[in-house]
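Summary of the model geometry
Below are the chains, spelled out letter by letter.
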Amino acid sequence: MAEQLAVNGGTPVRTTPFPGRQPYSERDEELVLEAIRSQNLFGKNGNFVPQLEEKFAQFMGSGYAQTCTSGTAAVHLALGAVNPDPGDEIITAPITDPGSVMPILQQNAVPIFADVDPITLNMTAESIEACITDRTRAIILVHLFGRPCDVDKVAEIAKRRGVTLIEDCAQAHATKYKGQYLGTFGDMGCFSFQQSKHMTTGDGGITITDDEATYWRLRLFADKGWDYRYMGERDHAFLAPNYRMNELTGAVAVAQLEKVRDVVERRIHLGRVLTERIADAPGITALPLSDDYEVSWWNYIFHITGHDPDEFAAALRAEGVSVGVRYIQDPIYMRGDFLVRKVTYGKTQCPFSCPATSREYEYGPELVPDAVKGLKTVAVMGLHEHMGEDDIVDMAAAICKVADGLSA
Ligand SMILES: Cc1ncc(COP(=O)(O)O)c(C=O)c1O
(Lines give C-alpha, C1' and ligand atoms only; values in the text may rest on other atoms or scores of the structure.)
Protein backbone atom coordinates (compact mmCIF):
# COMPACT_ATOMS: atom_id res chain seq x y z
CA MET A 1 0.00 0.00 0.00
CA ALA A 2 1.27 3.50 -0.79
CA GLU A 3 2.47 5.55 2.19
CA GLN A 4 0.07 8.31 3.26
CA LEU A 5 1.00 11.60 1.63
CA ALA A 6 1.86 14.58 3.84
CA VAL A 7 -0.76 16.58 1.97
CA ASN A 8 -3.32 14.08 3.40
CA GLY A 9 -1.92 14.13 6.94
CA GLY A 10 1.01 11.70 6.55
CA THR A 11 4.55 12.35 7.78
CA PRO A 12 6.60 14.55 5.40
CA VAL A 13 9.75 13.04 3.86
CA ARG A 14 11.75 16.14 4.75
CA THR A 15 11.28 18.39 7.76
CA THR A 16 14.55 20.36 7.75
CA PRO A 17 15.49 23.03 5.18
CA PHE A 18 17.75 22.16 2.25
CA PRO A 19 21.19 23.84 2.30
CA GLY A 20 21.43 27.17 0.51
CA ARG A 21 23.94 27.80 -2.25
CA GLN A 22 27.02 29.77 -1.19
CA PRO A 23 28.71 30.74 -4.44
CA TYR A 24 31.30 33.15 -2.99
CA SER A 25 34.25 32.27 -0.80
CA GLU A 26 37.48 33.67 0.64
CA ARG A 27 39.10 33.60 -2.79
CA ASP A 28 36.43 35.97 -4.17
CA GLU A 29 36.96 38.26 -1.16
CA GLU A 30 40.73 38.21 -1.62
CA LEU A 31 40.58 39.19 -5.29
CA VAL A 32 37.92 41.89 -4.77
CA LEU A 33 40.11 43.42 -2.07
CA GLU A 34 43.08 43.30 -4.43
CA ALA A 35 41.00 45.11 -7.08
CA ILE A 36 39.99 47.86 -4.63
CA ARG A 37 43.53 48.28 -3.33
CA SER A 38 44.80 48.75 -6.87
CA GLN A 39 42.93 52.10 -6.89
CA ASN A 40 41.58 51.38 -10.37
CA LEU A 41 38.24 49.74 -11.03
CA PHE A 42 38.08 50.54 -14.76
CA GLY A 43 38.24 47.17 -16.46
CA LYS A 44 39.61 48.11 -19.81
CA ASN A 45 43.02 49.09 -18.53
CA GLY A 46 42.76 47.08 -15.33
CA ASN A 47 44.21 43.79 -14.15
CA PHE A 48 41.27 41.43 -13.63
CA VAL A 49 39.10 42.08 -16.69
CA PRO A 50 41.91 41.48 -19.23
CA GLN A 51 43.04 38.50 -17.11
CA LEU A 52 39.53 37.06 -17.18
CA GLU A 53 39.27 37.46 -20.94
CA GLU A 54 42.55 35.64 -21.43
CA LYS A 55 41.84 32.87 -18.91
CA PHE A 56 38.25 32.29 -19.99
CA ALA A 57 39.28 31.92 -23.65
CA GLN A 58 42.08 29.57 -22.61
CA PHE A 59 39.78 27.49 -20.39
CA MET A 60 37.22 27.11 -23.18
CA GLY A 61 39.87 26.32 -25.80
CA SER A 62 38.74 29.36 -27.77
CA GLY A 63 40.76 32.10 -29.45
CA TYR A 64 39.22 35.20 -27.86
CA ALA A 65 36.80 36.32 -25.14
CA GLN A 66 35.07 39.69 -24.71
CA THR A 67 33.57 40.60 -21.33
CA CYS A 68 30.36 42.56 -20.84
CA THR A 69 27.72 43.32 -18.21
CA SER A 70 25.19 40.46 -18.58
CA GLY A 71 24.17 37.41 -20.56
CA THR A 72 21.74 39.60 -22.49
CA ALA A 73 24.63 41.92 -23.34
CA ALA A 74 26.71 38.89 -24.39
CA VAL A 75 24.00 37.91 -26.90
CA HIS A 76 23.72 41.54 -28.01
CA LEU A 77 27.49 41.65 -28.62
CA ALA A 78 27.20 38.56 -30.81
CA LEU A 79 24.41 40.14 -32.83
CA GLY A 80 26.41 43.35 -33.05
CA ALA A 81 29.17 41.27 -34.60
CA VAL A 82 26.72 39.67 -37.06
CA ASN A 83 25.44 43.19 -37.92
CA PRO A 84 22.13 42.17 -39.54
CA ASP A 85 20.24 44.50 -41.84
CA PRO A 86 16.92 45.71 -40.40
CA GLY A 87 14.30 43.05 -41.10
CA ASP A 88 16.78 40.18 -41.31
CA GLU A 89 15.70 37.12 -39.35
CA ILE A 90 17.42 35.54 -36.35
CA ILE A 91 16.29 32.09 -35.18
CA THR A 92 16.03 31.64 -31.41
CA ALA A 93 14.35 29.55 -28.69
CA PRO A 94 10.73 29.84 -27.54
CA ILE A 95 11.62 28.54 -24.05
CA THR A 96 14.34 30.81 -22.69
CA ASP A 97 15.00 34.11 -20.95
CA PRO A 98 14.18 37.35 -22.83
CA GLY A 99 17.95 37.79 -23.05
CA SER A 100 17.92 35.40 -26.03
CA VAL A 101 15.23 37.48 -27.78
CA MET A 102 15.33 41.19 -26.92
CA PRO A 103 18.80 41.83 -28.40
CA ILE A 104 17.40 40.69 -31.77
CA LEU A 105 14.79 43.45 -31.67
CA GLN A 106 17.39 45.90 -30.40
CA GLN A 107 19.25 45.33 -33.67
CA ASN A 108 15.97 45.82 -35.56
CA ALA A 109 16.00 42.21 -36.70
CA VAL A 110 13.07 39.77 -36.50
CA PRO A 111 13.01 36.87 -34.00
CA ILE A 112 11.93 33.52 -35.45
CA PHE A 113 11.13 30.75 -32.99
CA ALA A 114 12.22 27.18 -33.68
CA ASP A 115 10.23 24.50 -31.89
CA VAL A 116 11.73 22.26 -29.22
CA ASP A 117 11.73 18.65 -28.11
CA PRO A 118 8.79 18.47 -25.66
CA ILE A 119 10.86 16.53 -23.08
CA THR A 120 14.33 18.15 -23.18
CA LEU A 121 12.80 21.54 -24.12
CA ASN A 122 15.86 22.18 -26.32
CA MET A 123 15.46 23.50 -29.89
CA THR A 124 15.60 20.67 -32.45
CA ALA A 125 17.86 20.66 -35.49
CA GLU A 126 14.88 19.82 -37.75
CA SER A 127 12.82 22.73 -36.47
CA ILE A 128 15.76 25.11 -36.84
CA GLU A 129 16.38 24.08 -40.44
CA ALA A 130 12.67 24.49 -41.27
CA CYS A 131 12.86 28.11 -40.02
CA ILE A 132 15.72 29.12 -42.34
CA THR A 133 14.76 31.55 -45.15
CA ASP A 134 16.74 33.83 -47.45
CA ARG A 135 16.53 36.49 -44.70
CA THR A 136 18.08 34.31 -41.96
CA ARG A 137 21.37 35.70 -40.67
CA ALA A 138 21.96 33.78 -37.45
CA ILE A 139 20.77 31.03 -35.12
CA ILE A 140 20.85 31.58 -31.34
CA LEU A 141 21.04 28.03 -30.02
CA VAL A 142 20.01 27.91 -26.35
CA HIS A 143 21.34 25.00 -24.27
CA LEU A 144 18.58 24.96 -21.66
CA PHE A 145 18.99 23.88 -18.01
CA GLY A 146 22.62 22.80 -18.61
CA ARG A 147 21.67 20.26 -21.31
CA PRO A 148 23.40 20.37 -24.70
CA CYS A 149 21.27 20.70 -27.85
CA ASP A 150 22.30 18.48 -30.80
CA VAL A 151 24.94 21.09 -31.44
CA ASP A 152 26.99 19.19 -34.02
CA LYS A 153 23.89 18.72 -36.20
CA VAL A 154 22.96 22.39 -35.84
CA ALA A 155 26.54 23.48 -36.60
CA GLU A 156 26.43 21.41 -39.80
CA ILE A 157 23.12 23.03 -40.83
CA ALA A 158 24.45 26.52 -40.07
CA LYS A 159 27.56 25.91 -42.15
CA ARG A 160 25.68 24.36 -45.08
CA ARG A 161 23.08 27.16 -45.13
CA GLY A 162 25.60 29.99 -44.63
CA VAL A 163 24.13 31.20 -41.34
CA THR A 164 26.08 32.33 -38.24
CA LEU A 165 25.72 30.05 -35.21
CA ILE A 166 25.61 31.75 -31.78
CA GLU A 167 25.42 29.42 -28.78
CA ASP A 168 23.60 30.82 -25.76
CA CYS A 169 25.30 29.03 -22.85
CA ALA A 170 23.81 31.22 -20.10
CA GLN A 171 22.50 28.03 -18.42
CA ALA A 172 25.31 25.70 -19.52
CA HIS A 173 28.76 26.77 -18.33
CA ALA A 174 31.74 24.41 -18.60
CA THR A 175 29.53 21.64 -19.99
CA LYS A 176 30.89 19.14 -22.52
CA TYR A 177 29.26 17.66 -25.59
CA LYS A 178 31.30 14.83 -27.09
CA GLY A 179 34.28 15.97 -25.02
CA GLN A 180 34.19 19.63 -26.14
CA TYR A 181 32.81 22.62 -24.23
CA LEU A 182 29.49 24.12 -25.29
CA GLY A 183 30.07 27.57 -26.72
CA THR A 184 32.90 26.42 -28.98
CA PHE A 185 30.86 24.62 -31.65
CA GLY A 186 29.38 27.75 -33.24
CA ASP A 187 30.89 31.03 -34.43
CA MET A 188 30.32 32.60 -31.01
CA GLY A 189 29.36 31.41 -27.51
CA CYS A 190 27.62 33.64 -24.94
CA PHE A 191 27.62 33.25 -21.15
CA SER A 192 25.84 34.98 -18.26
CA PHE A 193 27.38 35.49 -14.81
CA GLN A 194 24.03 36.37 -13.19
CA GLN A 195 23.59 35.25 -9.58
CA SER A 196 21.85 31.93 -10.32
CA LYS A 197 24.43 30.74 -12.86
CA HIS A 198 27.12 28.05 -12.43
CA MET A 199 29.71 30.82 -12.45
CA THR A 200 28.47 34.10 -11.00
CA THR A 201 29.41 37.69 -10.29
CA GLY A 202 25.85 38.79 -9.46
CA ASP A 203 25.63 40.17 -12.99
CA GLY A 204 28.06 39.96 -15.89
CA GLY A 205 28.69 38.20 -19.18
CA ILE A 206 31.21 37.12 -21.78
CA THR A 207 31.22 36.19 -25.47
CA ILE A 208 33.83 33.92 -27.05
CA THR A 209 34.95 33.36 -30.63
CA ASP A 210 37.80 31.81 -32.57
CA ASP A 211 37.70 34.36 -35.34
CA GLU A 212 39.85 37.50 -35.01
CA ALA A 213 37.68 39.77 -37.18
CA THR A 214 34.58 38.71 -35.18
CA TYR A 215 36.47 39.39 -31.95
CA TRP A 216 37.23 42.96 -32.98
CA ARG A 217 33.57 43.59 -33.74
CA LEU A 218 32.64 42.13 -30.33
CA ARG A 219 35.24 44.25 -28.63
CA LEU A 220 34.21 47.49 -30.30
CA PHE A 221 30.50 46.73 -29.86
CA ALA A 222 31.07 46.37 -26.09
CA ASP A 223 32.35 49.95 -25.81
CA LYS A 224 30.65 52.46 -28.08
CA GLY A 225 32.69 51.33 -31.07
CA TRP A 226 35.74 52.55 -29.23
CA ASP A 227 39.04 50.90 -28.61
CA TYR A 228 41.87 53.37 -28.42
CA ARG A 229 44.54 50.82 -29.26
CA TYR A 230 42.63 49.98 -32.42
CA MET A 231 40.77 53.14 -33.41
CA GLY A 232 42.85 56.00 -32.05
CA GLU A 233 42.12 58.36 -29.14
CA ARG A 234 38.54 59.53 -29.75
CA ASP A 235 37.32 57.62 -32.79
CA HIS A 236 34.26 55.38 -32.77
CA ALA A 237 34.02 52.65 -35.39
CA PHE A 238 30.23 52.21 -35.45
CA LEU A 239 27.00 52.63 -33.50
CA ALA A 240 27.26 50.57 -30.31
CA PRO A 241 26.25 50.52 -26.62
CA ASN A 242 28.55 50.53 -23.58
CA TYR A 243 28.63 47.11 -21.92
CA ARG A 244 32.04 47.42 -20.19
CA MET A 245 32.76 45.13 -17.23
CA ASN A 246 34.51 46.69 -14.23
CA GLU A 247 37.35 45.34 -12.09
CA LEU A 248 35.18 44.29 -9.13
CA THR A 249 33.17 42.03 -11.41
CA GLY A 250 36.32 40.87 -13.18
CA ALA A 251 37.97 39.95 -9.86
CA VAL A 252 35.02 37.79 -8.78
CA ALA A 253 34.81 36.19 -12.24
CA VAL A 254 38.51 35.20 -12.10
CA ALA A 255 37.87 33.51 -8.72
CA GLN A 256 34.73 31.81 -10.06
CA LEU A 257 36.48 30.52 -13.17
CA GLU A 258 38.97 28.70 -10.95
CA LYS A 259 36.19 26.52 -9.54
CA VAL A 260 33.50 26.41 -12.24
CA ARG A 261 34.44 22.95 -13.46
CA ASP A 262 34.20 21.54 -9.90
CA VAL A 263 30.77 23.15 -9.54
CA VAL A 264 29.65 21.59 -12.80
CA GLU A 265 31.05 18.13 -12.03
CA ARG A 266 29.23 18.09 -8.71
CA ARG A 267 25.95 19.04 -10.38
CA ILE A 268 26.42 16.40 -13.10
CA HIS A 269 26.85 13.78 -10.37
CA LEU A 270 23.90 14.90 -8.21
CA GLY A 271 21.65 15.15 -11.27
CA ARG A 272 22.55 11.62 -12.30
CA VAL A 273 21.77 10.27 -8.80
CA LEU A 274 18.37 12.00 -8.80
CA THR A 275 17.53 10.89 -12.34
CA GLU A 276 18.35 7.26 -11.59
CA ARG A 277 16.26 7.29 -8.42
CA ILE A 278 13.09 8.70 -10.02
CA ALA A 279 13.38 6.85 -13.34
CA ASP A 280 10.68 4.27 -12.46
CA ALA A 281 8.27 6.54 -10.56
CA PRO A 282 4.79 6.20 -12.08
CA GLY A 283 3.48 9.18 -14.05
CA ILE A 284 6.89 10.87 -14.12
CA THR A 285 9.19 11.29 -17.11
CA ALA A 286 12.85 11.84 -16.22
CA LEU A 287 15.11 13.36 -18.86
CA PRO A 288 17.52 11.13 -20.79
CA LEU A 289 21.22 10.93 -19.90
CA SER A 290 24.02 9.77 -22.19
CA ASP A 291 27.74 9.08 -22.24
CA ASP A 292 27.98 11.41 -25.26
CA TYR A 293 27.28 14.58 -23.31
CA GLU A 294 27.11 16.08 -19.83
CA VAL A 295 24.11 17.73 -18.20
CA SER A 296 25.21 20.40 -15.72
CA TRP A 297 21.69 21.06 -14.37
CA TRP A 298 21.32 24.84 -14.00
CA ASN A 299 18.14 23.68 -12.31
CA TYR A 300 16.84 20.12 -12.28
CA ILE A 301 13.83 19.39 -14.49
CA PHE A 302 11.53 16.42 -15.04
CA HIS A 303 8.02 16.04 -16.43
CA ILE A 304 4.81 15.26 -14.59
CA THR A 305 3.18 13.34 -17.42
CA GLY A 306 0.70 11.07 -15.66
CA HIS A 307 -0.66 13.30 -12.88
CA ASP A 308 -2.11 16.77 -12.57
CA PRO A 309 1.05 18.95 -12.33
CA ASP A 310 -0.44 21.39 -9.79
CA GLU A 311 -1.75 18.60 -7.58
CA PHE A 312 1.62 16.83 -7.80
CA ALA A 313 3.55 20.01 -6.95
CA ALA A 314 1.32 20.79 -3.96
CA ALA A 315 1.82 17.24 -2.64
CA LEU A 316 5.59 17.47 -3.17
CA ARG A 317 5.78 20.78 -1.29
CA ALA A 318 3.84 19.20 1.58
CA GLU A 319 6.62 16.57 1.68
CA GLY A 320 9.08 19.43 2.33
CA VAL A 321 10.52 19.69 -1.19
CA SER A 322 10.29 22.90 -3.19
CA VAL A 323 9.21 22.69 -6.86
CA GLY A 324 7.88 25.00 -9.57
CA VAL A 325 5.68 23.93 -12.47
CA ARG A 326 5.59 25.10 -16.10
CA TYR A 327 8.86 27.14 -15.90
CA ILE A 328 8.02 30.30 -17.93
CA GLN A 329 4.38 29.12 -18.41
CA ASP A 330 4.08 30.17 -22.10
CA PRO A 331 6.57 30.66 -24.95
CA ILE A 332 8.74 33.66 -24.13
CA TYR A 333 7.23 35.87 -26.87
CA MET A 334 3.84 35.62 -25.10
CA ARG A 335 5.26 36.89 -21.81
CA GLY A 336 5.10 40.58 -22.74
CA ASP A 337 3.81 42.94 -25.41
CA PHE A 338 7.04 43.23 -27.37
CA LEU A 339 6.11 40.52 -29.90
CA VAL A 340 2.46 39.52 -29.46
CA ARG A 341 1.42 43.20 -29.79
CA LYS A 342 4.69 44.32 -31.41
CA VAL A 343 5.23 47.14 -28.91
CA THR A 344 8.83 48.02 -29.76
CA TYR A 345 10.04 51.56 -30.55
CA GLY A 346 7.53 54.33 -29.75
CA LYS A 347 4.44 53.84 -31.90
CA THR A 348 6.34 52.46 -34.89
CA GLN A 349 6.30 48.66 -34.34
CA CYS A 350 9.79 48.57 -35.92
CA PRO A 351 11.16 46.31 -37.30
CA PHE A 352 7.78 44.84 -38.29
CA SER A 353 6.58 48.11 -39.81
CA CYS A 354 9.90 48.84 -41.58
CA PRO A 355 9.98 48.76 -45.38
CA ALA A 356 12.97 46.41 -44.99
CA THR A 357 10.75 43.71 -43.46
CA SER A 358 9.71 41.34 -46.20
CA ARG A 359 6.61 39.65 -44.78
CA GLU A 360 4.02 39.62 -41.99
CA TYR A 361 4.97 38.01 -38.69
CA GLU A 362 2.47 36.73 -36.14
CA TYR A 363 3.41 35.29 -32.74
CA GLY A 364 0.96 32.86 -31.12
CA PRO A 365 0.96 29.45 -29.36
CA GLU A 366 0.44 27.51 -32.60
CA LEU A 367 3.93 28.58 -33.80
CA VAL A 368 5.62 26.12 -31.43
CA PRO A 369 3.19 23.35 -30.38
CA ASP A 370 5.85 21.13 -28.79
CA ALA A 371 7.13 24.01 -26.63
CA VAL A 372 3.58 24.64 -25.45
CA LYS A 373 3.18 20.90 -24.75
CA GLY A 374 6.49 20.63 -22.84
CA LEU A 375 5.73 23.69 -20.69
CA LYS A 376 2.46 22.11 -19.53
CA THR A 377 4.22 19.19 -17.79
CA VAL A 378 7.68 20.44 -16.82
CA ALA A 379 8.64 20.66 -13.14
CA VAL A 380 11.68 22.68 -12.01
CA MET A 381 13.65 22.05 -8.81
CA GLY A 382 16.72 23.72 -7.36
CA LEU A 383 19.82 21.52 -7.51
CA HIS A 384 23.25 22.89 -6.67
CA GLU A 385 26.78 21.99 -5.69
CA HIS A 386 26.29 22.62 -1.97
CA MET A 387 23.68 19.92 -1.65
CA GLY A 388 24.67 16.59 -0.21
CA GLU A 389 23.76 13.21 -1.61
CA ASP A 390 21.38 12.81 1.36
CA ASP A 391 19.47 15.89 0.15
CA ILE A 392 19.13 14.34 -3.30
CA VAL A 393 17.98 11.06 -1.76
CA ASP A 394 15.23 12.99 0.09
CA MET A 395 14.17 14.82 -3.09
CA ALA A 396 13.95 11.52 -4.96
CA ALA A 397 12.08 9.81 -2.09
CA ALA A 398 9.53 12.62 -2.00
CA ILE A 399 8.99 12.48 -5.78
CA CYS A 400 8.57 8.69 -5.70
CA LYS A 401 6.24 8.85 -2.68
CA VAL A 402 3.98 11.43 -4.35
CA ALA A 403 4.04 9.58 -7.67
CA ASP A 404 3.03 6.32 -5.92
CA GLY A 405 0.49 8.04 -3.70
CA LEU A 406 -1.28 9.80 -6.57
CA SER A 407 -1.26 6.60 -8.64
CA ALA A 408 -2.85 4.49 -5.90
C1 LIG B 1 19.25 31.07 -21.70
C2 LIG B 1 19.49 32.47 -21.20
N3 LIG B 1 19.94 33.39 -22.06
C4 LIG B 1 20.20 34.65 -21.67
C5 LIG B 1 20.03 35.04 -20.38
C6 LIG B 1 20.29 36.45 -20.00
O7 LIG B 1 21.24 36.56 -19.01
P8 LIG B 1 21.29 37.84 -18.05
O9 LIG B 1 20.17 37.71 -17.06
O10 LIG B 1 22.63 37.78 -17.42
O11 LIG B 1 21.12 39.04 -18.91
C12 LIG B 1 19.59 34.12 -19.43
C13 LIG B 1 19.41 34.51 -18.02
O14 LIG B 1 18.82 33.85 -17.22
C15 LIG B 1 19.30 32.79 -19.85
O16 LIG B 1 18.86 31.87 -18.98
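Computed from a predicted model, the values in this text were never measured in an experiment. (Residues numbered from 1 in each chain as written. Predicted model: local features only at pLDDT ≥ 70, side-chain atom pairs only at ≥ 80, totals over all residues. Heavy atoms only, no water.)

1. Examining the site of the ligand
Neighbouring the ligand are 13 residues, the closest being Gly71, Thr72, Asp168, Ser192 and Lys197. Within the side chain of Ser100, an N or O atom sits 3.3 Å from a nitrogen atom of the ligand. In the model, an oxygen atom of the ligand is placed 2.8 Å from a nitrogen or oxygen of the Gln171 side chain. The protein chains hide 90% of the 390 Å² of surface that the ligand would expose on its own. At a threshold of 2 Å from the grid points, most atoms of the ligand map onto the largest pocket. The residue inventory of the shell around the ligand, partitioned by class, reads two nonpolar, eight polar and three charged. (Near = heavy atom within 4 Å. Polar contact = N/O pair within 3.5 Å; in protein donor to acceptor, adjacent residues only side chain to side chain. Areas by Shrake-Rupley, 256 points an atom, 1.4 Å probe, with all protein chains shown as cover. 1 Å grid on protein atoms, 1.4 Å probe; cavity = no way out; pocket = protein on both sides within 12 Å on 5 of 7 lines; lining within 4 Å. Sits in = over half its atoms within 2 Å of the grid points. Nonpolar A, V, L, I, M, F, W, Y, C, P; charged D, E, K, R; others polar.)

2. Points about the sheet that holds strand S12 (residues 324-325)
In spatial order, the strands read S10-S11-S13-S12; together these four strands make up an open sheet with antiparallel pairing. Looking at strand neighbours, the two that pair on one side only are strand S10 (284-285) and S12, the edges of this open sheet. Both S12 and strand S13 (residues 378-381) contribute to a ladder of two bridges, which runs antiparallel. Residue pairing across strands places Val325 opposite Ala379, the latter belonging to S13. (Pairing = 2+ DSSP bridges. Helix = DSSP H or I, 4+ residues; strand = E, 2+ residues; numbered from the N terminus.)

3. A look at the sheet that holds strand S2 (residues 89-92)
Ordered in space as S1-S9-S8-S5-S4-S2-S3, the seven strands form an open sheet in which the pairing is mixed. Across the chains shown, the open sheet's two edge strands, defined by having one partner strand only, are strand S1 (64-68) and strand S3 (110-113). Sheet twist, expressed as the mean angle between neighbouring strand axes with direction ignored, is 20 degrees. Taken strand by strand, helix H2 (residues 48-60) contacts S1, strand S8 (188-192) and strand S9 (205-209), and its axis lies near 135 degrees from that of S1. Against the sheet, helix H3 (residues 71-82) contacts S1, S2, strand S4 (136-142), strand S5 (164-168), S8 and S9, and its axis sits at roughly 160 degrees relative to S8. (Axes fitted to C-alpha atoms, helices over the stretch in contact; angles between N-to-C directions. Contact = heavy atoms within 4.5 Å.)

4. Overview of the packing of aromatic side chains
Across all of its chains, the model carries 17 aromatic pairs by this definition. Judged by centre distance (5.6 Å) and plane angle (80 degrees), the ring pair of Tyr177 and Phe185 falls under edge-to-face. Grouping residues by exposure puts Tyr177 and Phe185 together as buried. Relative to Tyr300, the ring of Trp297 lies with its centre 4.4 Å away and its plane at 35 degrees, an arrangement referred to as tilted. Each residue in the set Phe113, Tyr333, Phe352, Tyr361 and Tyr363 is aromatic and connected to the rest through ring pairs, giving one cluster. Across from the ring centre of Phe238, 3.9 Å away, lies the NZ or CZ of Arg217, which sits over that ring. (Phe/Tyr/Trp six-rings, centres within 6.5 Å; stacked < 30°, edge-to-face > 60°. Buried < 20%, exposed > 50% of the residue type's maximum accessible area, 1.4 Å probe, protein only. Lys NZ or Arg CZ within 6 Å of the ring centre and 35° of its normal.)

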